[in-house]
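Examination of the molecular architecture
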Amino acid sequence: MISSHVMRASGSRLAQRIVAQATLRSATPRAVAAYSTGVSAAPRPSDRASSFATQNYGGGAGTYGIPTVRKDISSREQSDMTTLPLYLDAQATTPMDPRVLDAMLPYMTSHFYGNPHSSTHAYGWDSEGAVETAREQVASLIGAADPKEVVFTSGATESNNIAIKGVARFYKKSKNHIITTQTEHKCVLDSCRVLEQEGFEVTYLPVQSNGLIDLDALRAAIRPETCLVSIMAVNNEIGVIQPLTEIGQICRENKVFFHTDAAQAAGKIPIDVQKMNIDLLSISGHKIYGPKGVGALYVRRRPRVRIEALQSGGGQERGVRSGTVPTSLVVGLGAAADVCAREMDYDHERISRLSARLLAGLQEGLTHIAVNGPQEAGSPIRLPGCLNVSFSCVEGESLLMALKDMALSSGSACTSASLEPSYVLRALGQDEDMAHSSIRFGIGRFTTDAEIEFCLQKTIDNVTKLREMSPLWDMIQEGIDLKTIEWTGGGAH
Ligand SMILES: Cc1ncc(COP(=O)(O)O)c(C=O)c1O
């Protein structure tokens with residue numbers, strides 16, 4: 001099982017990426033087969049995807065059961081497919097749960113292809129029914145009072161754009177101030193920058209060394225002209241969970257709308273928009289074992305939140321998001337939300353155990369490592385599947401290359417193309433070297449114990465090897481505190 005993850009390609013990073021991508025392109029049947037093996041290695045409580053699909057979505061296990069290795073491809077092709085690295089990047093995206101695929105397939109292949117907005121015939125009614133079921137499933141996952149409060153979008157980026165720009169522009173005659181944090185996802189920060197160019201004022205709250213905002217600083221930042229507070233539920237780089245209930249209460253007391261980007265939180269931790277006084281909430285399908293290209297925005301109806309739509313068109317989704325709703329994707333999002341709601345406790349417990357094992361193993365096998373964000377294993381303020389670790393005297397990119405048997409991320413997947421140290425880690429007060437040496441381990445629903453052991457051993461071995469080549473590591477061994485060294489030559493370290 002583990003050897004199947006070993007990537008044999010060598011050479012430059014780019015070459016490896018190209019090989020990996022080419023392998024991925026041809027890998028679907030084997031990947032799905034390996035994936036179904038992963039499912040059996042990580043048993044589900046209610047279990048057996050096919051019976052789940054038959055009972056709940058009429059997906060037809062007989063027709064759409066989990067595929068096995070295809071016989072129509074050569075053994076050479078199949079052996080090429082064994083070069084995929086072990087996937088440990090659950091914050092970048094999650095593999096689709098086979099039960100979600102089962103739910104979606106009828107809406108792609110059989111007679112359920114009607115436009116959900118066609119109100120004059122059965123094709124449209126069937127699709128509309130499926131879309132409304134999905135709306136109920138998403139609403140139920142987040143405790144929305146009314147499924148009509150859920151608007152389907154293309155993903156969390158679009159949901160965040162609509163929430164932030166849409167609310168700000170609607171209320172701009174009376175209010176022109178927005179509060180967010182320095183560690184939000186780029187799509188939130190860039191939406192705020194666009195609003196600044198339009199004349200809005202934005203406060204970017206700093207965070208503490210564990211990634212949490214200071215609630216007093218939030219209170220102090222609210223002004224009479226503040227219309228929106230946008231604070232993410234779970235950070236995608238360090239997994240810190242913000243105190244949503246307290247933030248919601250502060251916003252409600254001050255009559256300010258509260259938006260949260262819950263792309264990394266929904267389906268993983270309990271969220272109740274009623275109890276938490278959340279007015280707008282963004283969800284992404286591909287972070288919860290659903291399809292890519294679909295998401296949702298919760299928009300409260302009582303007290304009503306008004307939004308200026310970003311897109312002109314047919315007025316679908318209560319005028320908030322025009323465009324034909326993609327039935328199969330939305331059905332997938334609903335099914336994914338439904339599985340998350342049923343299995344959240346089980347997944348949380350399993351992923352917590354794997355994450356604690358990984359952290360304890362790293363701490364036993366290596367010195368001079370630091371967890372970024374909440375430190376302790378099992379911390380209630382860290383999403384267990386997101387473990388971000390810095391390894392002193394090791395460059396994150398070099399470690400990623402050395403760990404080519406694993407698909408990991410240094411910093412955020414969305415910014416890892418740049419060699420700038422992560423702005424999230426910098427916001428924690430992490431020094432530049434430690435920020436440069438960070439790796440994010442993303443553990444998900446289908447990660448197995450064996451994979452964690454493999455990851456642990458590989459990481460310890462490679463960090464040790466890289467440190468043996470580092471003059472800085474020799475200095476640490478000699479007891480020299482690197483912070484006391486005065487570097488010359490333009491700070492080449
Ligand atoms: C916290 C957060 N917000 C928003 C997004 C964007 O989500 P999507 O890919 O659905 O547009 C991501 C994805 O990386 C994320 O992690």
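Provided above is the structure to which this section pertains.
Fair warning: this is a prediction, and the values are worked out from it, not measured in the lab. (Residues numbered from 1 in each chain as written. Predicted model: local features only at pLDDT ≥ 70, side-chain atom pairs only at ≥ 80, totals over all residues. Heavy atoms only, no water.)

One pass over the structure, following the stated rule, counts 21 salt bridges. With its nearest N and O atoms 2.9 Å apart, the salt bridge here joins Asp97 to Arg99. Exposure remark for Asp97: the relative accessible area of 1% places this residue in the buried category. The buried category is assigned to Arg99, whose relative accessible area is 2%. Between Glu317 and Arg135 there is a salt bridge, and its shortest N-O distance comes to 2.9 Å. With Glu317 in the loop between strand E8 (295–299) and helix H13 (327–365) and Arg135 in helix H8 (residues 122–142), the pair connects residues that are 182 residues apart, well separated along the chain. Side by side, Glu317 and Arg135 carry an identical accessibility label, which is buried. Several salt bridges converge on common partners, so that one network encompasses Asp97, Arg99, Glu343, Asp347 and Arg445. (Salt bridge = Lys/Arg side-chain N within 4 Å of Asp/Glu carboxyl O. Buried < 20%, exposed > 50% of the residue type's maximum accessible area, 1.4 Å probe, protein only. Helix = DSSP H or I, 4+ residues; strand = E, 2+ residues; numbered from the N terminus.)

Turning our eyes to something else, we now look at the site of the ligand. Surveying the vicinity of the ligand reveals 15 residues, the closest of which are Thr157, Asp261, Gln264, Ser284 and Lys287. Within the side chain of Ser284, an N or O atom sits 2.7 Å from an oxygen atom of the ligand. Relative to its unbound accessible area of 390 Å², the ligand is 89% covered by the protein chains. Sorting elements by how many residues they give to the shell around the ligand places helix H9 (residues 156–170) first, with 3 residues. (Near = heavy atom within 4 Å. Polar contact = N/O pair within 3.5 Å; in protein donor to acceptor, adjacent residues only side chain to side chain. Areas by Shrake-Rupley, 256 points an atom, 1.4 Å probe, with all protein chains shown as cover.)

Turning our attention to the sheet that holds strand E3 (residues 177–181). With mixed pairing, the 7 strands of this open sheet are ordered in space as E2-E8-E7-E6-E5-E3-E4. At either end of the open sheet lies a strand with only one pairing partner, and these are strand E2 (150–153) and strand E4 (201–205). Each adjacent strand pair in this sheet contributes to an overall mean axis angle of 20 degrees, direction not counted. In this structure, E3 lies alongside E4, joined through 5 bridges in parallel fashion. Among the inter-strand pairings, Ile179 is bridged to a residue of E4, identified as Thr203. Packing against the sheet, H8 makes contact with E2, strand E7 (280–284) and E8, and its axis sits at approximately 115 degrees to E2. Running over the sheet, helix H12 (residues 244–253) touches strand E5 (226–230) and strand E6 (257–261) and is turned about 155 degrees from E6. (Pairing = 2+ DSSP bridges. Axes fitted to C-alpha atoms, helices over the stretch in contact; angles between N-to-C directions. Contact = heavy atoms within 4.5 Å.)

Burial of E6 is extensive: 5 of the 5 residues sit out of reach of the surface. Covered by surrounding structure in E6 are Phe257, His259 and Asp261 together with Phe258 and Thr260, the residues of both alternating faces. Two elements, E5 and E6, share 3 bridges in a ladder whose sense is parallel. Within the sheet, the bridge partner assigned to Leu228 lies in E6 and is Phe257. A crossover links E5 with its parallel partner E6, the connecting element being H12, and its sense is right-handed. (Right-handed = clockwise from strand over helix to strand, strands pointing away.)

A few words on the layout of surface pockets. Approximately 660 Å³ is the volume found for the second largest pocket. Forming the walls of the second largest pocket are 23 residues, and the residues nearest its centre are Ser392, Cys393, Asp433, Leu472 and Leu482. Elements with a contribution of two residues or more to the lining of the second largest pocket: helix H16 (432–436) and helix H18 (471–477). The element best represented in the lining of the second largest pocket is H16, accounting for 4 residues. The residue inventory of the lining of the second largest pocket, partitioned by class, reads 10 nonpolar, 7 polar and 6 charged. (1 Å grid on protein atoms, 1.4 Å probe; cavity = no way out; pocket = protein on both sides within 12 Å on 5 of 7 lines; lining within 4 Å. Points joined across faces, edges and corners; volume = space filled by probe spheres on them. Nonpolar A, V, L, I, M, F, W, Y, C, P; charged D, E, K, R; others polar.)

So, to be careful, I would describe these as geometric facts and stop short of saying anything about function.
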